[in-house]
Amino acid sequence: MTVDLLEDAELQAHAVPERSAPPIPEASFLNGIGRWKVVSYDGVVQVVEAYVAAAVCGRDAKGVLHTKAGLQRRFALAPLARMSPGARQQLEQRFSDIEPVDADLVEQPARYLEMIESTVRKIRAHVERELAEDAIRDLGDEEWLMLDGRLSRSPANARHPRTLGAIKSHGAQFLEGRGLERALTLPAGHRTSVFLVRGGHTRTEVYSWYLRLWPWEGNDLLYGLLRIEARADPETIRRADALSGWLLAERAPIATPATRWDRLLYPLHHVEEYLNARAPRDLPLHRASARLPRLAS
Amino acid sequence: MTAPPPPIGRVVATELKPSTPHEFHFWTATETPIGIGAIVKVGGGSWEPGAERVVYGVVTEGFAYSDLATPLHDVVGADGDPTNADAPTMRQQIRYWTAAVLRQIPEEPLQPVPLGQVYVADDADVAQALRMDAFLNSATPTAIPVGLYTSAGRDAPVYLDADFLLGPEAAHLNISGVSGLATKTSAVEFLLASIFAHFPAHKGRVAAVCFNVKGPDLCFLDQAGNLSDEDRHRYDRLKVPAEPFKRVQFYAPYKSDGVNLNTLRTHLDLIGDVEPLTWGLQEVVDFAEVLLNRDDIDAKADAFIDFLRDRVLGRTFDDGFGTTHRVTTFADLDRLFRSIFDGLEITAGGRSDTWRTHHIATMRKVRNRLLNISTRCKGLVTDDGPSSDLPWKAFEDRTVYVIDIANVDPLGQDLVFARVVSKLREQLERRELGVDAVVVFVDELNKYAPGDGPDTYVKKMLLDISERGRYLGLVLFGAEQFRSQVHRRVVGNAGTQIFGRMDMDELATPGYQVLSPATKSKLATLPIGELMVRHPHFTQPIFVRFPRPPVLRGRDGVERFPPAEDVPFEDAVVRQLVRLDRRVRPNQVKDLIAEREQDDVRRALAAVRRTRPDDAFAYFRKVLGGRVERDAALRREHEVVPPLNTISDEPY
């Protein structure tokens, strides 16, 4: 993984202009969810039912979000080759959409479920990408599309002049040394210099920078830290301040009661809530759900 | 075929806030036409299970909240600066409503309200929800429009059932509201117009007796008021003619001078329509209880009054001292008493202090109290004049009889009320009044039927009407400012209850506990012309709007028809005679009554009024008679008998 600085000779912290300075652009927001659970067993083979969905919500002039488009998929995941004919037949009768998975990990149930989790996440990313590609075709002339997660998953999305990816999790580090230290200790309301991201999972080059929404002091280094991805274009560098100002303005309303509210922008949270509200009740949000019924609603 | 209207909300039920057979909850879009008091329909077209059941409800409570977990989060989002509070995105928010069930179809089995889509009720739904269909569409409809249901942009007429408003099923109406907004009186005026327009033929004839107890409130019911286009539209919707009452008869007692009427309807253009209300001994003595308080009436006094009533009044009576009396007036009664006292003093030599088993102290006390009535109620009660009264046994259909007692002594008001209501009751019972039902409108029930205080005759009377009037067709329309302070049996027996704008302190009293806080809040801010109605067919209170009454409001009437100044005795006599006969020449009358006793003139005038001769002046001259010197003996008699002791000095 390599990183090229596109702004400044050395990675710097830039104070983002007052949030009232840039006008809030017309925007839509895209987010997705994925849920799964083991629904049956064929010997030690765990058969999983999953649900993934994504939606785009547009924001009107009053600031009210309205759902513009959505995609969903409900399917089973199973290593079909390892299943007995009877169980496979039953599965095929029950689910019209079956995603075959590798049977190598069947005898290691914990790792098998990690693989399932990863597969569902990929399918969710695929649905989000597909929806985003549809959404950018319908964007207004001045309208932006903000995605929850990486922009670089789709070349079409990554090359669009008015798309942004907001990455909350920082599993991959693009910086090192003094640059990394500056990024992780960014003061609130500051961004880093813009850098180029390529390689790794990305199929397309994008420009990126870190932005601190909330003071990290007293919390942890990643608190309130977003990484932004935008089109690989000099215009992006020129607009980095304005775009960062917009994102800072999106801190309010804060996305409570989500636990990741320090990094989760409210409109993206709203889309997630919308999707959760429409998700099947029999597929719980958390795998380790309580086995007793809830007593009050 | 028109498409069904789109739903405006959905029923939601959770474990903490479930649907019940009497209440449900639903949400709507943030922008919604409904509010507190709106009638909604659940089901009827929805695909959801249980939607074949149709439920009507009225919105009683509303909530709005967002997904904000704590206000502190808003502070954090705005960096603690309220000027930063304008976020680019509006939080997700909800309009969440609670509705009380008005009706379920089918009614059995009674079940919790199902989940389903919620619609704004249309005119037909309103009729169904309020169970008006039964009396609106029957072979013998008994619907009386009370106003328009206007919530949620609707304009649906709301009807009361005449069988439950005017008897016999239920009856009486009570209206509460703060004073000064003209709501109570206006509502009753409109409702009377509505009753007169819609009282079903099969129920017979109806009239109204209105006691005007303050200002000029009811003095111009025959004059047209100003109506806006909106008012006229409402009249059209309710099918009530937007015109003043066609038949109104005004009654008012005289002032103490005995010739000027004690009313604010004294403008020269209107005074001719006001009939004097004067009563003599015969009319008053039956209601002596009204005028004598408990301290006055003990068993001995009661027995003596009964004796007078049964054995003396209207009969030829020998006092036992050689004088025969025929007592028909207060003056006759006074002569009888003086004769008895003289007899005991002179004939019996002062040795006896009883007469016909009645002690002289008892007689003195009764004499003082009875004769005092004509003093305290001068103008209403005449010493020796004949009476001028309501047209008993000849009440006319759809006629309002206004009795103006606004400026009468409270004792006189009680007397008027007690006698009029008693006569109404008596004649309705015998079916000889001329109408089958009478609405009696009494304002200020706080004063006449208070929840606490002594049991007055008037209070007992109001209780009696409330509890038994519906069988007779005697219907009480009562109004007051504070319902909580009116006797609960008077209020409780009112089948229909109307509430105008209410005072918050009043709403905090136990009688309003059944109302939701939102409904109370709406009641506390009701605009003029909007009311909350409770009626036996409505399972929940309903808000309606009514048009301004088609008559001139009291204060406008006084401006348009300013009351005339009191005129001198001679001019007042002339005016009354001219009203009876336009040929009467004022100077002739003035010459005739010059230097005559005013009581003689009053008596002659009353005779003319009663007889209504073709030639009023000739008859007046005949009745007045020639000029005769006053009886010297009678004058001496007045001088001989010393004044009686005052009440406070009595040893009794």
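This structure is a prediction, so every number in the text was calculated from the model and none was measured. (Residues numbered from 1 in each chain as written. Chains lettered and ligands numbered in written order. Predicted model: local features only at pLDDT ≥ 70, side-chain atom pairs only at ≥ 80, totals over all residues.)

Caption draft 1: Just the overall build of chain B, in detail. Counting its secondary structure elements, chain B contains 23 helices and 22 strands. Burial statistics for chain B: of 652 residues in total, 44% are counted as buried. The contacts in chain B between residues at least 6 apart in sequence include a share of 74% that link residues at least 24 apart. (Helix = DSSP H or I, 4+ residues; strand = E, 2+ residues; numbered from the N terminus. Buried ≥ 20, exposed ≤ 12 C-beta atoms within 10 Å, placed from the backbone. Contact = placed C-beta atoms within 7 Å.)

Caption draft 2: Representation of the overall build of chain A in the model. From N to C terminus, chain A includes six helices and 12 strands. Its C-alpha radius of gyration of 21 Å places chain A within 12% of the 19 Å reference for a compact globule of 297 residues. Seen along its three principal axes, the alpha-carbon backbone of chain A occupies a region of about 65 × 45 × 40 Å. Split into buried and exposed, the 297 residues of chain A put 40% on the buried side. Contacts in chain A between residues far apart in sequence, at least 24 positions, make up 61% of those at least 6 positions apart. (Rg over C-alpha atoms; globule rule 2.2 N^0.38 Å.)

Caption draft 3: Inspection of the confidence of the model for chain B at higher detail. All names here are of chain B. In this model, chain B carries a mean pLDDT of 86, and residues with pLDDT of at least 70 account for 92%. Model confidence for chain B, summarised as mean pLDDT per element, is weakest for helix α23 (residues 632-640) at 42 and strongest for strand β2 (residues 23-28) at 96. Confidence over residues 630-652 falls short of pLDDT 50; this stretch has 13 contacts with residues more than four positions distant or in other chains. On the interface metric, ipTM, the complex scores 0.81, and its pTM is 0.81. (pLDDT = per-residue confidence, 0-100.)

Caption draft 4: Fine view of the sheet that holds strand β1 (residues 9-12) of chain B. A barrel is described by the order of its strands in space; here six strands give the closed sequence β1-β2-β5-β4-β3-β6 (chain B), paired in antiparallel fashion. When the angles between neighbouring strand axes are averaged without regard to direction, this sheet yields 40°. (Pairing = 2+ DSSP bridges. Axes fitted to C-alpha atoms, helices over the stretch in contact; angles between N-to-C directions.)

Caption draft 5: Structural context of the packing of helix α9 (residues 299-312) of chain B against helix α11 (residues 360-376) of chain B. Residues and elements named next belong to chain B. Where α9 meets α11, the closest approach of the two axes is 10 Å, and the angle between their N-to-C directions is 70°. It follows that α9 is roughly perpendicular to α11 by the angle criterion. In the crossing of α9 with α11, the sense of the turn from one axis to the other is right-handed. Facing Lys 300, Ala 301, Phe 304 and Ile 305 of α9, the residues of α11 in contact are Thr 362, Met 363, Lys 365 and Val 366. Of the residues that constitute the contact of α9 with α11, the class distribution is five nonpolar, one polar and two charged. (Parallel < 35°, antiparallel > 145°, perpendicular 65-115°, else oblique. Left-handed = near helix turned anticlockwise from the far one by under 90°. Nonpolar A, V, L, I, M, F, W, Y, C, P; charged D, E, K, R; others polar.)

Caption draft 6: Focus on the pairing of strand β8 (residues 156-161) of chain B. Residue and element names in this part refer to chain B. The buried fraction of β8 amounts to six of the six residues, a majority that puts the element mostly inside the structure. Bridge count for strand β7 (residues 143-149) against β8 is six bridges, and the pairing is antiparallel. Of the residues in β8, the one forming a bridge with Gly 147 is Val 158. Where β7 hands over to β8, the hairpin turn is made up of six residues, of which Ala 152 adopts a positive phi near 55°.

Caption draft 7: Focus on the environment of Glu 92 of chain A. Among the structural elements, Glu 92 of chain A can be located in helix α1 (residues 85-94). Among the residues examined, Glu 92 of chain A registers 14 C-beta atoms within 10 Å and is labelled partly exposed.

Caption draft 8: Examining the nonpolar core more closely. Within the largest apolar cluster, 180 residues are counted, with the highest numbers of intra-cluster contacts made by Val 40, Val 438 and Val 440 of chain B. Once residues lying within four places of it in the same chain are set aside, the contact partners of Val 438 of chain B are Ala 207, Ala 208, Val 209, Leu 424, Leu 428, Leu 433, Gly 473, Leu 474 and Val 475 of chain B. The next biggest cluster of nonpolar side chains, apart from the first, holds 75 residues, and it includes Val 47, Ala 135, Leu 247 and Ala 249 of chain A. (Core = buried A, V, L, I, M, F, W, Y, C linked by C-beta atoms within 7 Å.)

Caption draft 9: Main features of the domain arrangement of chain B. All names here are of chain B. Domain boundaries assigned for chain B yield domain 1 (9-139), domain 2 (161-277 + 388-456 + 466-516 + 535-559), domain 3 (282-384) and domain 4 (567-652). The straight-line distance from the C-alpha centre of domain 2 to that of domain 3 is 37 Å. Domain 2 puts 17 residues into the contact, and the matching count from domain 3 is 10 residues. Looking at the side of domain 2 that touches domain 3, its residues break down into eight nonpolar, four polar and five charged. (Domains from an automatic or database assignment.)

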